[in-house]
Each structure stands twice: as structure tokens, then as C-alpha cells.
Amino acid sequence: MTHLTLALDTMGGDHGPHVTVPAALQALSVYADLHLILVGDRPTILTIMRQHRASESERLRILHAEQVVQMGDKPLHALRRLKHSSMRLALDLVANGQAQACVSAGNTGALMTMAKVVLKTLPGVDRPALVTALPTMTGDPVYLMDLGANASCDSHALFQFAVMGSVLAEQVAGKSNPRVALLNIGTEEIKGNDQVQQASGLLQSTPYINYTGYVEGDRIFSGEADVIVCDGFVGNVTLKTTEGIARLLMHQIAQSVKRNPLARCLSWLLKGRLKKLFLQMNPDHYNGASLLGLRHIVVKSHGNADELAFLRAVEEAMTEVQRQVPGKIEARLESVLLEKSC
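Note that this is a predicted model, so its numbers are computed, not measured.

Draft legend 1. Molecular detail of the pattern of salt bridges. Throughout the structure, instances matching the rule amount to nine salt bridges. Here Arg332 ties to Glu170 by a salt bridge, and the two come within 2.8 Å at their closest N and O atoms. Here Glu170 lies in helix H6 (residues 155-172) and Arg332 lies in helix H12 (residues 325-341), a separation of 162 residues in the sequence. Classification of Arg332 as buried rests on a relative accessible area of 18%. Judged by relative accessible area, which is 22%, Glu170 ranks as partly exposed. Beyond isolated ion pairs, a larger network of salt bridges with shared partners links Asp140, Lys175, Arg179 and Asp226.

This is the structure we're talking about:
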């Protein structure tokens, strides 16, 4: 692959082009083989680019979009009425082969609905799932899915999520035979609702997944699983709670350092270590949730992402393109379906 092209929905998110455009310029300065198409309001994008002494080039193009998907827009309204929005045009660029992936910080429901219609799902996938990496005590990431794309799921959807998450952990995190678990209210076989118990039975019966059983919420960050699967309602609440706790701890540590002279001295001595700790705890460091199960790559950034966080989402998209994640998922699903038909 001589170069890699991404389509960025610059208007999405809480801060829009004031974050996405500088992050795009930073990405171009770091990755020489990266090409970007910035989709959004052309005058606004050009104004911000001039502020950073940047201009259009062979590696940086602008595609003007007349509409913007707002955070409060309903998915079906966005799909039917906002066909000229920055989000839709960015997805269209991927669909027609002008870009290899799309990155957006916009409305999650609208992105999910548009992507499913424009890019289609892989054979054997009923619903795409939203997945992101989280830190663990071992230093390795754990992939949690679904994060809100599907509020309720049956056992077959959870099974598909497990297959897709396993491939992602292999290709992006370099995990050999990744351990897959189901998030549950207990580790005993009798615990959980019907969907979770039935999904457990499906996972136990396939040789293509290293299924390790149930994991409870307090063990998500233990490092005992590489992929943890749940429905979107549970996953979204879990993720938002995790982010809130991380920010609370960061705030409490910062306040303790300010108020205590001894703590200030210790913080000066441990400055490098504390900086690394804050980076590891900061949810933005793990920004970039993938919509798995589509024929092409779509990465969802936090709506309130800053420049560094949006850059992380761009890097996630780059990695998935380089590792050809959709193709690897399709091949694995074909093997699973073939095994089940025999």
C-alpha cells in the first residue's frame, strides 16, 4: 500500500472543525504516507487551516458539505434528510473507493444507521457493534463491545460480536488466540439472562473462539480477558461509568497535590511517573471506537474529543486499514458458518 486515504467528518462532535482540522494537520505531519479528505463547510475549514499556515495539497483535500448532522438529530431523519451532510459524504467517499476509512465524532446513532445503509454489513453479520480498547492492570488492552450501537441483543448477535472482537484483538493488539468473555452478573453458569446464557452455549460449541466464560464488572480491568462482550445498553453504561471514575480519580489526585505541601514535593519527584499515570487513566488516550461488522472501516471518536483524542481515532482507523480488519472478520465468520453447517 503506497498511501492510505481517510475521510474525516470535520463537522461532527461538540467542537467540530476547531478540533478535527488541527488534529488532521497534526496527523499529516506525523504520518508521511497518510492522505486526508476533510469533509465539511469549506470556508470554515479553510479559515482554520490558514490559522495553522496550512493549505490544500496532494495529501490534503476538502470536500464541501452543505449540511451537518446535529447531535440531537434522530438517525432516520439524518439518513433520509441529510444526504448532503459531512457525515454522509464522508461515508460515501469510503463506499465509492475514494477513501479507505471514515472517522467521525458525530451523532453515534446517525453514524451507525448511515454506515449500515451506505457501506452494508459483512455476510453473516446482522448488526454492527461499537467496540473500543480499555486499559488493564497487565498493561494490555481489553476490547469492550457493544458500547451502545445496539441497546438490546439476542444470543446470536452477542456471538457475532465475540467473533468480530476476537479478530480485532488479533489484528490490532497482536493477541494470539485472544481470550473472550461475556460480561455477566456472576461467573456461575446459572447466572445471567437468557440471551447471555444462550450466547455462552454458542461460544462453547465453536473451536474458532477462545471462550473463557463469564466475567463480572469488577474484573473488566484485571487483564484476564482480551475481549469482553455485552449488549449496547450495558456496554454504554459501563463505559461512561468507567470514564467518570477515571476523571474523578485524576481530579482527586490533583486536588491532593495542591492542598498538601508534602504531596507537592513528592509529585515533583515523581513528575514523570505521574504524567504517565494520568495519560494511562485519561479516557481520551483510548479514543476511537470501531464499528465492526461493516464491509469497510468506520471509527467513532468521542463527541467531546480534543485534538489529541481525535488524533487517536485517526490512528485507530489507519491501523485497521493496514491490518485489513473487515476482510479478516469476513474470513473468520465464513469459517464459523461453515463449521456450524457441517
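Here the narrative resumes.
Draft legend 2. A look at the sheet that holds strand S8 (residues 210-215). In spatial order, the strands read S3-S2-S1-S4-S11-S10-S5-S6-S9-S7-S8; together these eleven strands make up an open sheet with mixed pairing. Looking at strand neighbours, the two that pair on one side only are strand S3 (60-64) and S8, the edges of this open sheet. Averaged over neighbouring strand pairs, the angle between their axes works out to 25 degrees when direction is ignored. Judged from the three bridges that link them, strand S5 (residues 129-134) and strand S10 (residues 289-292) form a sheet pairing that is antiparallel. Note on S10: the bridge partner recorded for Leu130 is Leu291. Along the sheet, helix H4 (residues 86-95) makes contact with strand S1 (4-9), strand S2 (34-40), S3, strand S4 (101-104) and strand S11 (297-300), crossing S2 at roughly 145 degrees. Each of S5, strand S6 (142-145), strand S7 (179-183), strand S9 (227-229) and S10 touches H6; the most contacted strand, S9, lies at about 160 degrees to it.

Draft legend 3. Layout of the pairing of S5. Within S5, six of the six residues are buried, leaving the element largely enclosed by the surrounding structure. The two faces of S5 match: Ala129, Val131 and Ala133 on one face and Leu130, Thr132 and Leu134 on the other face are all buried. The pairing of S5 with S6 spans four bridges and is antiparallel. Each bridged residue has a counterpart across the sheet, and for Val131 the counterpart in S6 is Met145.

Draft legend 4. View of the pairing of S1. By the criterion of burial, S1 is predominantly enclosed, with six of the six residues buried. Every second residue of S1 is oriented toward a common face, with Leu4, Leu6 and Leu8 on one face and Thr5, Ala7 and Asp9 on the other, all of them buried. Taken together, the six bridges between S1 and S2 define a ladder with parallel strand orientation. Each residue of the ladder has a partner; that of Leu8, found in S2, is Leu38.

Draft legend 5. The arrangement of the packing of H6 against helix H7 (residues 194-204) in detail. Direction vectors running N to C along H6 and H7 enclose 50 degrees, while the axes themselves pass 8 Å from each other. It follows that H6 is oblique to H7 by the angle criterion. Note that H6 runs across H7; the crossing there is right-handed. Residue-level inspection shows Ser155, His156, Leu158, Phe159 and Ala162 of H6 in contact with H7, the latter providing Gln195, Val196, Gln198, Ala199, Leu202 and Leu203. Among the residues forming the contact of H6 with H7, the class breakdown is seven nonpolar, four polar and no charged.

Draft legend 6. Up close: empty space enclosed by the protein. Scanning all chains against the criterion turns up two cavities of 30 Å³ or more. What the largest cavity holds in volume is close to 60 Å³. The wall of the largest cavity is formed by Leu291, Leu292, Gly293, Leu294, His296, Ile297, Val298, Glu320, Val325, Pro326 and Ile329. Looking at the lining of the largest cavity, the elements that each hand over two or more residues are S10, S11 and H12. For the lining of the largest cavity, the class distribution of residues is eight nonpolar, two polar and one charged. Volume-wise, the second largest cavity comes out at about 30 Å³. Gly12, Gly13, Asp14, His15, Gly16, Val19, Thr20, Ala105, Gly303, Ala305 and Phe310 together form the lining of the second largest cavity. When its residues are assigned to classes, the lining of the second largest cavity shows four nonpolar, six polar and one charged.

About the cut-offs
Residues numbered from 1 in each chain as written. Predicted model: local features only at pLDDT ≥ 70, side-chain atom pairs only at ≥ 80, totals over all residues. Heavy atoms only, no water. Salt bridge = Lys/Arg side-chain N within 4 Å of Asp/Glu carboxyl O. Helix = DSSP H or I, 4+ residues; strand = E, 2+ residues; numbered from the N terminus. Buried < 20%, exposed > 50% of the residue type's maximum accessible area, 1.4 Å probe, protein only. Pairing = 2+ DSSP bridges. Axes fitted to C-alpha atoms, helices over the stretch in contact; angles between N-to-C directions. Contact = heavy atoms within 4.5 Å. Parallel < 35°, antiparallel > 145°, perpendicular 65-115°, else oblique. Left-handed = near helix turned anticlockwise from the far one by under 90°. Nonpolar A, V, L, I, M, F, W, Y, C, P; charged D, E, K, R; others polar. 1 Å grid on protein atoms, 1.4 Å probe; cavity = no way out; pocket = protein on both sides within 12 Å on 5 of 7 lines; lining within 4 Å. Points joined across faces, edges and corners; volume = space filled by probe spheres on them.

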